[in-house]
Amino acid sequence: MGHLSSMFSGLARSLSLKKGKNSSGCKCNVREAAEAMAKEAKRNDLILRTSGTVNVDGSNNLASVFSKRGQKGVNQDCCIVWEEFGCQQDMMFCGIFDGHGQWGHFVAKRIRETMPPSLLCNWQETLLAQTSLDPDLKELDLESDKKYDQRFNIWKHSYIKTCAAVDQELEQDRKINSFYSGTTGLTIVRQGDLIVLSNVGDSRAVLGTTLEDGSLVAVQLTVDFKPNLPEEAERITQRNGRVFSLDDETGVYRLWLPYEESPGLAMSRAFGDYCVKDFGLISEPEVTHRIITSRDQFVVLATDGVWDVISNEEAVEIVGSTAEREKCAKRLVECAAAAWKKKRRGYAMDDISAICLFFHSSSSLSQQEQCFGLTAETLVDKAMELDHIGGTFGGNRKPTPFLCLVMKMLQIQPEKEIVIEFIKNDDYKYVRVLGAFYLRITGSDTDVYQYLEPLYNDYRKLRSKLADGRFSLTHVDELIDELLTKDYSCDIAMPRIKKRWTLESLGLLEPRKSALEEDFEEEEEKEENDQLNGVHDEGHDKEYYRGRSPERERDRDRRRDRDRYRDRDYDREYDRDRDYDRERGRGRERDRNRDRDRDRDRYRLRDEKDYGCDRERDRDRDREWDVRERERRDRDRGRRRSDSRSPGSREHRDRDGGDHRKRHARSISPRKRDGPDDGTREEPRKKKEKKEKKADGTDHPDPEIAEANRVRASLGLKPLNV
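Residues numbered from 1 in each chain as written. Predicted model: local features only at pLDDT ≥ 70, side-chain atom pairs only at ≥ 80, totals over all residues. Heavy atoms only, no water.

**Student:** I tried to follow the sheet that holds strand 12 (residues 254–256) on my own but got confused; where do I start?
**Tutor:** The strands making up a sheet associate through backbone hydrogen bonding, with each pair oriented either parallel or antiparallel. One open sheet accounts for three strands, arranged 11-12-13; its pairing is antiparallel. Lying at the two open borders of the sheet, with one neighbouring strand each, are strand 11 (242–244) and strand 13 (263–265). The mean inter-strand angle of the sheet, taken between neighbouring strand axes irrespective of direction, is 35°. Alignment of strand 11 against strand 12, held across three bridges, turns out to be antiparallel. Its bridge partner being in strand 12, Val243 is matched across the sheet by Leu255. (Pairing = 2+ DSSP bridges. Helix = DSSP H or I, 4+ residues; strand = E, 2+ residues; numbered from the N terminus. Axes fitted to C-alpha atoms, helices over the stretch in contact; angles between N-to-C directions.)

This is how it looks when you write it as structure tokens:
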């Protein structure tokens, strides 16, 4: 944008300013024109109010937006991105709003819709006022450094008027109850190389910029307006408001009414919340600016749901390491959601929203297009713009600018002298590396070793782009070593080359000399010259010093004694180590024998214990079997006694001839059956049977007595002992 008059190109299409109109009618027409621009931009897909991406063809701006609902109910965060803000191709507006309270989501959406048109109106009015005071302002070049401050002052005045106006309109709106509800507002306007930020609340803007060594760092651009900040707390206290933290929220300071524990706001500036507007809460924005340089990569606008769990450095690293810019906001929000589950376990997750605005277009495709018409003469200018090396990156494997230039060199095939000039260039390290890489691919074996080995002495840092899009640091000598020793470099398969010793044996390459060898030779020559100069000063005979020098003899003796003492100390230490190893080996042997004896004793005791347990178990089993056998014999004895007393059973037994006892005899136990066959176990039974027969008296030799005993036995009387 070269002149001030070009700023009015968008407004002029829908607004004609006339000097005779009054100020109120002018304001009304300007507001209508701004709203008409917003509708037209929405139809042209230049306004984004949901999660997505805004990237207009031909624009360097790229905005990625993503929002995620928390665990507290409806999502009260909302965002807006307006490309070609005010119909200006070099302007862009981004805003993020975090509502709170019962009607917070309605308040946030209302501010999102009314703030951009109102800002356009106030910016246009302020610009007209400045030009009316200074008519020569139209002819000045606004791109000069002297006009950045004046452009910022115009935006600052416009922002202050806009925030006051939208807050007043919100209070008069009867459709939304904003007495106990409100929202924060963080917006940014980019106009060429100038970015202007306006912050009302505790949302935050962080810039991602690179240092000289290529590392990406974070720079915070706004201040989180919390009630415990000294200036904010002083204002709240002067207006009878209270600032303190609850017992269950240590470190979380809130804004309270004088005599009530309400509403408990965690910010000191917000739109709405008219219940505490008289007690320290304000909607005045803090407006800052920054001039974008080539090192500034992107800016992150996010609500407190992100910054409560993620630091500025972590956010910049997450966005900078994302291969696809369109997904960087989503990845940042997902990382914040995961951090909530890990760091704030037990707390309800807040709503999380983020906007990532990139200042420069992606270089991969443009680099290929720009390399299309390069020649050997113009290749140097393009190589001087390199700021990193690498192969391919991202999910769809995009080539880096370094790799694009290598492919272009393979296409145009520059002369060998040009490539050697690239390698010998000390001012631009990436130009040197580009020439070395090309020579490694296309050069002969001797040329590769001849021109690349001297680069081992270059220790400057290089930025290398990894496959996932992140950057890492390396050095020139490390890259040269990779080219000479590895099969792959920057995702390119290197041609095979012969080993250095093979080329030396063939006489094609001279033996390699160390870079310190010349220094050693110079030092030796210097020492010899000093010694010769010292000899002439003392005036001694030259022949004497040619033969044997006293100083040399002393040095030789000293070195010999030192070597002798060193060898003797070495032998002593060797003997001591050998004795120590021998003693340690003996100790280990003793420990092994002791462990073996202890294990043997433990096993023997365990076997003896197990054997004793088995023997005791067998003894108990035998004792139990004897008891059962005794009880069984007692039952058999009682049964036989009862059978002998009944007459019917006695006649039946006599008729069967004793077969009844044999038939009804109890079976012999397997333990008894397996015993010896010598009849020793049957003898006690026979003796008992004999004793039982004598006790009964029925087997008396005298038939009459035997008959009488049988009668007495049937009657239950004792037998006759005659």
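**Student:** I tried to follow helix 5 (residues 230–238) on my own but got confused; where do I start?
**Tutor:** Because each turn of an α-helix spans 3.6 residues, side chains separated by three or four positions end up pointing in the same direction. Among the residues of helix 5, those classed as buried are Glu232, Ala233, Arg235 and Ile236. In an axial view of helix 5, the angular spread of the buried residues amounts to 160°, which keeps them on one side of the axis. The exposed residues of helix 5 that point more than 90 degrees off its buried face are Pro230, Glu231, Thr237 and Gln238. Residues of helix 5 that are buried sit in contact with strand 11 and strand 12. Directly after helix 5, the chain includes Asn240, whose backbone phi takes a positive value near 70°. (Buried < 20%, exposed > 50% of the residue type's maximum accessible area, 1.4 Å probe, protein only. Arc of directions from axis to C-beta. Contact = heavy atoms within 4.5 Å.)

**Student:** Is there a simple way to think about the packing of aromatic side chains in this case?
**Tutor:** The geometry of an aromatic ring pair is captured by two quantities: the separation of the ring centres and the angle between the planes. In the structure shown here, the tally under the stated rule is eight aromatic pairs. Ring centres of Phe298 and Phe358 lie 5.5 Å apart, and the angle between their planes is 55°; on these two criteria the pair is classed as tilted. Note that Phe298 is positioned in strand 16 (residues 296–302) and Phe358 in strand 17 (residues 352–358), a separation of 60 residues in sequence. In this pair, the class of Phe298 matches that of Phe358, namely buried. Judged by centre distance (5.5 Å) and plane angle (80°), the rings of Phe402 and Phe437 are edge-to-face. Placement of the pair is Phe402 in helix 11 (residues 401–412) and Phe437 in helix 13 (residues 429–442), with a sequence separation of 35 residues. Pair check on accessibility: Phe402 and Phe437 agree, each one buried. Site record: aromatic cluster; members linked through ring pairs are Trp82, Phe85 and Phe93. Looking at Arg269, its charged tip hangs above the ring of Phe225, at a distance of 4.1 Å from the centre. Against the face of Phe471 rests Arg463, its NZ or CZ located 3.8 Å from the ring centre. (Phe/Tyr/Trp six-rings, centres within 6.5 Å; stacked < 30°, edge-to-face > 60°. Lys NZ or Arg CZ within 6 Å of the ring centre and 35° of its normal.)

**Student:** What am I meant to see in helix 14 (residues 445–452) here?
**Tutor:** Asp445, Asp447, Val448, Tyr449 and Leu452 are the residues of helix 14 that are buried. Of the surrounding elements, those touching the buried residues of helix 14 are helix 12 (416–424), helix 13, helix 15 (476–485) and helix 16 (500–505).

**Student:** Would you take a moment to explain a nonpolar patch on the surface for this structure?
**Tutor:** On the surface, a nonpolar cluster with roughly 280 Å² of combined accessible area is contributed by Val711, Leu715 and Leu717. Here Leu715 is to be found in helix 24 (residues 703–715). Residue Leu715 is classed as exposed on the basis of its relative accessible area, which comes to 62%. (Patch = residues over 30% accessible without salt bridge, like charges linked within 9 Å, V, L, I, M, F, W, Y side chains within 5 Å. Areas by Shrake-Rupley, 256 points an atom, 1.4 Å probe, with all protein chains shown as cover. Salt bridge = Lys/Arg side-chain N within 4 Å of Asp/Glu carboxyl O.)

**Student:** How should I be thinking about the packing of helix 13 against helix 14 in this particular structure?
**Tutor:** Packed helices, taken two at a time, are described by their axes: the angle between them and the distance between them. Where helix 13 contacts helix 14, the axes come no closer than 8 Å and their chain directions differ by 160°. As the angle between them shows, helix 13 and helix 14 are arranged roughly antiparallel. Where helix 13 crosses over helix 14, the handedness of that crossing is left-handed. For the pair helix 13 and helix 14, contact is made by Ala436, Leu439 and Arg440 and by Asp447, Val448, Tyr451 and Leu452, respectively. Per-class residue counts for the contact of helix 13 with helix 14 are five nonpolar, no polar and two charged. (Parallel < 35°, antiparallel > 145°, perpendicular 65-115°, else oblique. Left-handed = near helix turned anticlockwise from the far one by under 90°. Nonpolar A, V, L, I, M, F, W, Y, C, P; charged D, E, K, R; others polar.)

**Student:** What is the right way to look at the sheet that holds strand 3 (residues 62–68) in this model?
**Tutor:** Read from one edge to the other, the open sheet built from six strands follows the order 2-3-17-16-9-10, with strand pairing classed as antiparallel. Every interior strand has two partners, whereas the edge strands, strand 2 (52–54) and strand 10 (216–220), have only one. Each neighbouring strand pair of the sheet contributes to a mean axis angle of 20°, computed without reference to strand direction. Relative to strand 17, strand 16 runs antiparallel, the two being bridged by five bridges. When the sheet's bridge partners are listed, Val299 is paired in strand 17 with Leu357. Running over the sheet, helix 7 (residues 312–320) touches strand 9 (204–210), strand 10, strand 16 and strand 17 and is turned about 130° from strand 10. Those strands touched by helix 8 (residues 328–343) are strand 3, strand 16 and strand 17, and its axis lies near 145° from that of strand 17.

**Student:** Just to check I follow, could you spell out unusual backbone geometry for this structure?
**Tutor:** Leave glycine aside and you will find that most residues have negative phi; peptide bonds, for their part, are mostly trans. Cis geometry marks the peptide bond from Ser262 to Pro263; its omega dihedral reads -5°. Mapped onto the elements, Pro263 comes out in strand 13. The backbone phi angle of Cys490 is positive, close to 55°, even though this residue is not glycine. Within the element layout of this structure, Cys490 appears in the loop between strand 23 (488–489) and strand 24 (492–493). Even without a glycine there, the phi angle at Asp491 is positive, about 60°. Within the element layout of this structure, Asp491 appears in the loop between strand 23 and strand 24.

**Student:** What am I meant to see in the side chain of Arg254 here?
**Tutor:** For Arg254, the location among the structural elements is in strand 12. Within the local environment of Arg254, its side chain forms a polar contact with the side chain of Glu249, the two groups lying 2.9 Å apart. In this structure, Arg254 is in contact with Pro227, Arg242, Val243, Phe244, Glu249, Gly264, Leu265 and Ala266, ignoring residues within four places of it in sequence. (Polar contact = N/O pair within 3.5 Å; in protein donor to acceptor, adjacent residues only side chain to side chain.)

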